[in-house]
Amino acid sequence: MLKLLQLLPKTCSPFTTRALYAGAVDGGLLRHAFRTDDANKDDLPLLDDSISAATALWKKEELLSRLKNLLNCTHEQSEKLYKANRKALRVFAARLLTDNIELLRANGIDDKFIYENPRVLSTPTDDLAKKLKLLRELPAVEDCKMLTPFLKASLKAIDRMVAVAKHETIPGGNRINYLSERTGTEVPVVIKFVATNIRVYRIALDKFIANLDICLAHLEPAHVVRHLSVLAYATSSIRERLQALKNSPLETIKPWMVRVPDIALGKSFEAVIEKGRQPVFKDSVTGTWFETYVLKRMESLLGCTEETSRAIYDKCKGSVHLVDNIEFLLEKGVVAEVIIQHAPMLTAKREDLHQKVATLETLQCLRNLNDVVPLCVLKAYQLKKIVNNLNNEQLGPVNTNRIYYFADSTGFKPGEVTEQFARRTFMFRIPKDSFLANLKLFLEHMNREDILADLWAFKYSPGIVAERIARAKEVRGKKLMPWMVRCPDVVLEKSLQLTKESGALLGENETIVEYFCKRLGFDREVANSIFIKAPSVRNVRITKVKKVIDYLLDELDYTPNDIALNPRILMHSLQTTKKRMAQLKEIGCRPKSLIIVCKSQRQYDLFVKEWIDAKERKTKVQQYG
């Protein structure tokens with residue numbers, strides 16, 4: 001405090017200093033003065049009822065209510081608008097948001113733009129109005145609403161853009177239309193990228209056209225539109241770089257290659273152009289491999305097709321460690337098929353992958369690294385903990401752990417089991433006794449494919465598993481599934497009840513094909529042809545099929561042939577079928593074919609409309625004929 005008094009001018013008294021210090025503690029005099037004038041523009045109170053508080057915000061609930069009433073938006077959308085403009089609400093009155101929304105809507109801008117770009121509402125209303133006015137002055141624009149992406153740019157940048165556009169002569173009327181015509185890209189798409197590269201209008205017109213001509217002669221038009229900043233470089237530099245890239249082994253040239261420093265490309269292509277040696281396709285500045293080299297190198301290392309290498313590259317999102325990791329795994333004896341199948345593990349850093357493989361090699365009962373390498377998709381600390389648990393667990397013979405025990409018991413390859421266990425790491429945490437008991441129960445009553453596909457059932461105690469299996473076996477016999485162990489009791493009861501009804505309907509040995517033959521009076525060949533025409537009918541519950549057939553034959557007097565011609569009717573909801581049939585009956589229509597009842601709602605409504613129109617035309621002809 002003493003130092004503060006010494007620094008103040010002599011005209012400032014200690015009392016003034018005390019007032020200044022108190023104002024600073026209370027939120028700052030400057031902020032207080034700034035907020036007070038603006039606060040009178042809105043009737044919303046602040047959260048702490050103190051305008052002088054530097055961190056005070058307007059009452060959230062009332063502001064959200066205003067936004068919701070104004071935009072008719074959901075609570076999530078109004079929350080998004082509030083959070084995006086939270087900083088602005090510390091400086092401006094809450095009315096800023098509502099005024100800006102009304103201004104945007106008055107200018108024909110959709111609410112969708114507001115939801116996608118909520119930060120636009122933080123612009124002072126006067127500045128936002130000036131931006132809209134300037135954008136309307138941009139020459140050769142058919143619809144000003146297409147220019148809304150420019151509202152995210154600064155007022156100064158928009159003013160400069162419009163001023164330049166007014167005083168230059170270019171085919172299409174402005175640079176946006178010119179780019180659209182030259183690249184064959186739709187105007188809204190061009191606007192989107194020009195708005196993010198608005199400095200395009202700072203390039204001289206002659207240079208802009210010349211650079212665009214050069215780029216389009218060597219690059220894809222779509223790539224040029226997405227990287228308009230390339231046009232700002234010197235024409236001679238662009239021409240020289242593109243010529244060097246053209247003479248390189250690269251199959252595809254992209255604009256970013258024009259923008260990187262010479263040091264990033266010089267060393268790589270110098271060996272090819274001058275000495276004819278294989279270059280190192282790695283950016284020495286960014287450490288990033290060139291895409292074409294990575295793809296070709298993967299094809300060579302893995303012996304795969306171009307499509308496979310592209311799929312791996314896309315799956316790993318162009319990781320810079322792809323080539324290094326593949327070379328390392330191959331050195332460790334991992335086969336190419338396993339690497340291709342478990343490509344996501346290649347995204348790890350080289351050091352991390354080294355650590356993971358080293359951890360797997362400490363597995364005491366390891367038979368082959370290919371058996372457990374799918375675990376490399378896990379984090380290094382997770383993998384280390386799993387390996388420690390497996391090494392500390394005594395399970396059967398010496399050369400066995402949970403993975404090998406499961407694989408040997410079910411007949412699956414260890415790699416297939418490891419892949420599923422990597423996705424369900426709780427399989428390593430289940431107590432050993434529960435794991436062994438549940439596996440024995442499942443193998444006695446279920447198919448091995450179903451067991452591996454649904455490992456969640458292992459999380460339940462053996463007592464519950466045995467009880468559920470016993471209940472289900474009484475009704476379903478041998479057709480048991482793991483989901484019956486883990487589903488809610490109500491779901492199991494419902495499933496068993498439906499199974500009982502289906503069993504009572506079909507009998508002990510009767511199949512759905514035999515039921516069709518008996519119910520519709522067809523031979524087995526005709527029934528099979530029905531299922532070939534509509535294979536999904538096999539998956540429909542037989543009790544539902546019976547109700548639909550009863551309704552069509554007994555209540556509507558359709559024939560079995562009508563059902564055979566349109567078996568899709570058996571897959572549709574009986575409630576919907578009855579509703580549509582009742583509506584058709586009201587308008588005097590009995591369709592000869594059941595196909596119209598199976599159509600989508602739009603097609604069905606169109607049919608009903610055309611039927612009513614035709615009926616009205618016929619009535620008029622009879623009246624005046």
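A few points on the structure. Per-chain numbering applies: the sequence of each chain, read as written, is numbered from 1 onward. Reporting of local features is limited, given that this is a predicted model, to residues whose pLDDT is at least 70; pairs of side-chain atoms are given and counted only at 80 or more, and all residues count toward the totals for whole chains, interfaces and linings. Values shown for side chains rest on all heavy atoms present in the structure; no hydrogens or waters enter the calculation.

Attention now moves to the overall build of the chain. A tally of helices and strands in the chain yields 36 helices and zero strands. Each residue is placed in one exposure class: buried if its accessible area under a 1.4 Å probe, protein chains only, is under 20% of its type's maximum, exposed if it is over 50%, and partly exposed if it falls in between. Counting across all 625 residues of the chain, residues that qualify as buried make up 42%. Considering only intrachain contacts with a sequence separation of at least 6, the fraction spanning at least 24 residues in the chain is 60%. Only carbon and sulfur atoms are counted for the fraction: they give 52% of the accessible area of the chain, which is about 35,000 Å². The numbering of helices and of strands both runs from the N terminus, where a helix is a DSSP run of H or I of at least 4 residues and a strand a run of E of at least 2. Contacts are assigned to residue pairs with any non-hydrogen atoms lying within 4.5 Å of each other. Here the accessible surface of atoms and residues is derived via Shrake-Rupley with a 1.4 Å probe, and residues count as covered only by protein chains that are part of the display.

The length a helix should cover is 1.5 Å for every residue beyond the first. The end-to-end C-alpha distance of helix 21 (residues 350–361), which contains twelve residues, comes to 17 Å, matching closely the 16 Å that a straight helix rising 1.5 Å per residue would cover. Looking at the packing, one finds that the buried side of helix 21 touches helix 19 (322–331), helix 22 (369–372) and helix 23 (380–391).

Attention shifts here to unusual backbone geometry. A positive phi angle, near 60°, is found at A140, a position not held by glycine. Structurally, A140 can be placed in the loop between helix 8 (125–136) and helix 9 (155–167).

Turning to a positive patch on the surface, a few remarks are in order. Patch definition: residues above 30% relative accessible area lacking any salt bridge, with like charges linked at up to 9 Å and the nonpolar side chains Val, Leu, Ile, Met, Phe, Trp and Tyr linked at up to 5 Å. The rule for a salt bridge is simple: a side-chain nitrogen of Lys or Arg has to be within 4 Å of a carboxyl oxygen of Asp or Glu. Charged residues are defined narrowly, with Lys and Arg counted positive, Asp and Glu counted negative, and His plus the chain ends left uncounted. Where a charge lies is defined by one atom per residue type, namely NZ (Lys), CZ (Arg), CG (Asp) and CD (Glu). Residues K156, R160, R199 and R202 make up a contiguous surface patch of positive charge. The residue R199 is located in the loop between helix 11 (187–196) and helix 12 (205–218) in this model.

Note on method: axes are straight lines fitted to C-alpha atoms, helices fitted across the in-contact stretch only, with angles between N-to-C directions ranging 0 to 180 degrees. Orientation of helix 10 (residues 175–183) relative to helix 12, taken along the N-to-C sense of each, is 20°, at an axis distance of 12 Å. Overall, the two elements helix 10 and helix 12 adopt an arrangement that is roughly parallel. The interaxial crossing formed by helix 10 with helix 12 has right-handed handedness. In this structure, helix 10 contributes R175, Y178, L179, R182 and T183 to the contact, and helix 12 contributes L205, F208, I209, L212, D213 and L216. Asp, Glu, Lys and Arg are counted as charged, while Ala, Val, Leu, Ile, Met, Phe, Trp, Tyr, Cys and Pro are counted as nonpolar; the rest, among them Gly, fall into the polar class. Class assignment of the residues belonging to the contact of helix 10 with helix 12 gives a composition of seven nonpolar, one polar and three charged. If an angle is under 35 degrees, it is roughly parallel; if it is over 145, roughly antiparallel; if it lies from 65 to 115, roughly perpendicular; otherwise it is oblique. Take the far helix as your reference; a near helix turned counterclockwise from it by less than a right angle gives a left-handed crossing, and one turned clockwise gives a right-handed crossing.

What follows covers helix 26 (residues 432–445). Between its first and last C-alpha, helix 26 extends 20 Å over 14 residues, near the 20 Å set by a 1.5 Å rise per residue. When helix 26 is considered as a whole, its buried residues turn out to be S434, F435, N438, L439, L441, F442 and H445. In an axial view of helix 26, the angular spread of the buried residues amounts to 165°, which keeps them on one side of the axis. Set apart from the buried face of helix 26 by more than 90 degrees, the exposed residues are D433 and K440. Each direction from the helix axis to a C-beta atom contributes to the arc, which is the arc of those directions.

Here we take up the side chain of N177. Tracing the backbone shows N177 in helix 10. Using a relative accessible area of 16% as the deciding quantity, one classes N177 as buried. With residues near it in sequence (within four places) discarded, N177 still touches A140, G172 and V187.

Let's shift gears to the pattern of salt bridges. Using the criterion set out here, one finds 15 salt bridges in the structure. Linking D314 and R310 is a salt bridge whose minimum nitrogen-to-oxygen distance equals 3.6 Å. Within this pair, D314 and its partner R310 are both found in helix 18 (residues 306–315), separated by four residues, close to a single helical turn.

Moving on, we get to the side chain of T577. Tracing the backbone through its elements, the reader meets T577 in helix 35 (residues 574–586). For T577, a relative accessible area of 1% puts it in the buried group. Setting aside chain neighbours within four positions, we find T577 in contact with Y551, I569, H572 and V597.

Relative to each other, helix 8 and helix 9 sit at 15°, their axes nearing to 10 Å. When the axis of helix 8 is compared with that of helix 9, the two are roughly parallel. Classified by chirality, the crossing of helix 9 by helix 8 is left-handed. Taking contact as the criterion, the partners of D127, K130, K131, L134 and L135 in helix 8 are, on helix 9, L155, I158, D159, M161 and V162. Residue composition of the contact of helix 8 with helix 9, grouped by class: six nonpolar, no polar and four charged.

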